[in-house]
Amino acid sequence: MTGLAASGLAVRRGGRAILDDVAFEIAGGAFVALVGANGAGKSTLLSVLAGLLAPDAGEVSLGGTPLAAMDRRELARRRAYLPQNPRAEWPIATERLVALGMTPHLPAFGGLPGGWEPRLTDAIAAWDLKPQRMQPATTLSGGELARAMLARALIGEPQALIADEPISGLDPAHALDTMQRLQALAAQGKLVVAAMHDLTLAARHATHLMALRDGRVAAFGPTARTLTPDLIHAVFDVEARVTGKGARTVVDYLGLADRGR
Amino acid sequence: MKPVRALPAYVLPALAAAVLLAVAVASLFLGRVSLSPAELIAGLGSPQGSLAGLVVTELRLPRAVLAILVGAALGLSGAALQGLLRNPLADPGLLGVSNGAALGAVIAIYFGLQHAFPLSTPLLGLAGAMGAGALTFAFGRGGTLTLILAGAAVSSLMSAFLAMALNFAPSPYAAYEMSVWMLGSLSERSWDHIALAAPFILAGLAILATLGRVVDALALGEAQAESLGFRLDRVRVLALVGVGLAVGAATSVVGSVSFIGLAAPHLVRPFVGYQPSRTLLPSALLGAALLLLADIGTRVIPTNTELRLGVITALLGAPFFFWLVVRLRKVAP
């Protein structure tokens, strides 16, 4: 069973608590939008959930197994992680970049085993990268690169995807496209946790919302129930109006809240 | 947009191996004493009997073997480091081991040990390389940038000691010997030198050859490479040990040779679609061929004083840098 559980997570840096007593359980099929002000600890939490950063206290488990007890390659096969603003460091072909997602499934030497080549072709097609297949990955546009990176992350069919601001810097069409794809992934039973700042898109596409404030979970639950003007006020110090329901939800920012109160 | 082109997987290694073989065979024929193919083959058949036999088995063959080992060490180390650091200017000397090796060898010359025991120069060179590598490791843990900075610090410390050794050289002749040694040469190297350096070089090459998958994954940056199951802290140690063994042993036997480790990966990269793992083997083969060519140059270019290997590679290296700049200006926006 796919499930991501955190208990008593704490990360401290130089006496300051970046994360403090974070605990939750997420089941497969959920698309969790992680929101919070800059510096609230979103990226740190995602790194800890991905098993890239060992917490100072607490534990994360995936499918019932603590990450600390899991083999690195096994973990790499079961969850994918995308950092903020990923970029290609060499002008390799886009298809080679996507194929890197298969690394944890491959032996230490040699090319792609025969069975993987069709999967690569399928992934290239599914993420609308056919025209860019042989293009140097360093020359892709922001939207193309975002799709290529998501294709890279998902080609190994992980159970969970952890993505840090996958729609930051994307134009509205590409942002919508990405959100729909993440939503579809969750609908297939996978678990998606993604940090983001666009509350309207989060409200429309994410099944769940988790809000962080100063390293603590301020709220976590189904999006429709969790995303309220009170929460936005408490987490961002912003007065907001939430109108509409489901796919028609709109979040309007009315102004900065009076911090003195 | 221009598509990425890459030769099929086995073409470039095969091509580079063929070039290396051709250059290696040519290197047996070329030198101060000219030998006909018939004399050469007869000499190989009966090493003790003839002058040709002695020239081939005791002079040219060890020279070619050593050139191949050292060139491969430099080429593969350069490719592995450039892949690991995602920096096309990374060079095998970056981690301080070459300067460490040079310092060890120069200390041997300083005390005149090589007159009593010829292998003392490479032996102390090896010790120097290992010491420098250990120092880089001690200070360089924690990240890629830390490793580079530690390497630069160790490198400059070693150069400071080198300058000091030259400054306080016991005699002008010793100072001359030191500076000439540092220019690098494959002449007067025997099978003993190979026996000493080969195990270290081969061990280093074997370690670096395992880094293919991780240098590929690093094309996605460090965070994603870690997320794909690699422990980068361990990978950095492996790379340091591999480069330390290979380049440390190579430098301690032939002296400082620039350019090969930096250039070989650049020459290979466009033909393999810029895939870091696929630059490794061809870079080793091409590095070996380049060093052999440079060594042939030291033999056939007629000069009164021996033209040193490091001088040729440096002379070739400078125009290569200009070419790199011009190409980069075309590629970069």
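Residues numbered from 1 in each chain as written. Chains lettered and ligands numbered in written order. Predicted model: local features only at pLDDT ≥ 70, side-chain atom pairs only at ≥ 80, totals over all residues.

Novice: I'd love a proper account of the overall build of chain B, names of residues and values included.
Specialist: From N to C terminus, chain B includes 15 helices and 0 strands. Since a compact globule built from 333 residues should have a radius of gyration of about 20 Å, the 20 Å found for chain B is in line with a globular shape. For the C-alpha atoms alone, the extent of chain B along its principal axes is close to 60 × 50 × 35 Å. (Helix = DSSP H or I, 4+ residues; strand = E, 2+ residues; numbered from the N terminus. Rg over C-alpha atoms; globule rule 2.2 N^0.38 Å.)

Novice: Tell me about the overall build of chain A, residues and numbers included.
Specialist: Secondary structure assignment for chain A yields 9 helices and 12 strands. In terms of overall dimensions, chain A is globule-like: its C-alpha atoms have a radius of gyration of 19 Å, near the 18 Å expected for 261 residues. Relative to its 261 residues, chain A shows a buried fraction of 45%. At a minimum sequence separation of 6, the contacts of chain A that also span at least 24 residues come to 64%. (Buried ≥ 20, exposed ≤ 12 C-beta atoms within 10 Å, placed from the backbone. Contact = placed C-beta atoms within 7 Å.)

Novice: Got a sec to walk through the sheet that holds strand β4 (residues 57-62) of chain A? Specific residues and values, please.
Specialist: Strand pairing in a sheet takes place through backbone hydrogen bonds and is either antiparallel or parallel in direction. Residue and element names in this part refer to chain A. Taken together, the 4 strands give an open sheet; going across it, the order is β2-β1-β4-β5, and neighbouring strands pair in antiparallel fashion. The sheet is open, and its two edges are formed by β2 (16-27) and β5 (65-66), each paired on a single side. The sheet contact formed by strand β1 (residues 3-13) and β2 spans 8 bridges and is antiparallel. Of the residues in β2, the one forming a bridge with Ala-5 is Glu-25. (Pairing = 2+ DSSP bridges.)

Novice: Could you give an account of the nonpolar core, naming the residues involved and the relevant values?
Specialist: Residue and element names in this part refer to chain B. One finds Ala-73, Ala-246 and Ala-250 to be the most contacted residues of the largest nonpolar core, which totals 180 residues. For this core, the element with the highest residue contribution is helix α3 (residues 51-85), accounting for 15 residues. Those residues within four positions of Ala-246 in sequence are excluded, and the remaining contacts are Ala-73, Leu-76, Ser-77, Ile-201, Gly-204, Leu-205 and Leu-208. (Core = buried A, V, L, I, M, F, W, Y, C linked by C-beta atoms within 7 Å.)

Novice: Go over the interface of chain B and chain A with me, naming the residues and quoting the values.
Specialist: One widely used convention gives an interface's size as the accessible area the parts lose upon coming together. Each side of the interface is counted separately: chain B has 25 residues, and chain A has 28 residues. Those elements that provide at least two residues to the side of chain B that touches chain A are α10 (212-217) and α11 (222-227) of chain B. Each residue belonging to the side of chain B that touches chain A can be placed in one class, and the counts come to 12 nonpolar, 8 polar and 5 charged. (Nonpolar A, V, L, I, M, F, W, Y, C, P; charged D, E, K, R; others polar.)

Novice: Could you give me a rundown of the pairing of strand β10 (residues 216-222) of chain A, with the residues and numbers involved?
Specialist: Residues and elements named next belong to chain A. As defined by bridge partners, strand β9 (residues 208-213) adjoins β10 across 6 bridges and the pair is classed as antiparallel. If you follow His-208 over to β10, its bridge partner there is Pro-222. Hairpin connection of β9 to β10: 2 residues between the antiparallel strands, including Asp-214 at a positive phi of 50 degrees.

Novice: Lay out the pairing of strand β8 (residues 191-195) of chain A in plain terms, naming residues and giving numbers.
Specialist: Residue and element names in this part refer to chain A. Most of β8 is tucked away, with 5 of its 5 residues classed as buried. Here β8 shows two buried faces, one formed by Leu-191, Val-193 and Ala-195 and the other by Val-192 and Ala-194. As paired elements, strand β7 (residues 160-164) and β8 share 5 bridges and run parallel to each other. Bridge pairing in β8 links Ala-160 to Leu-191.

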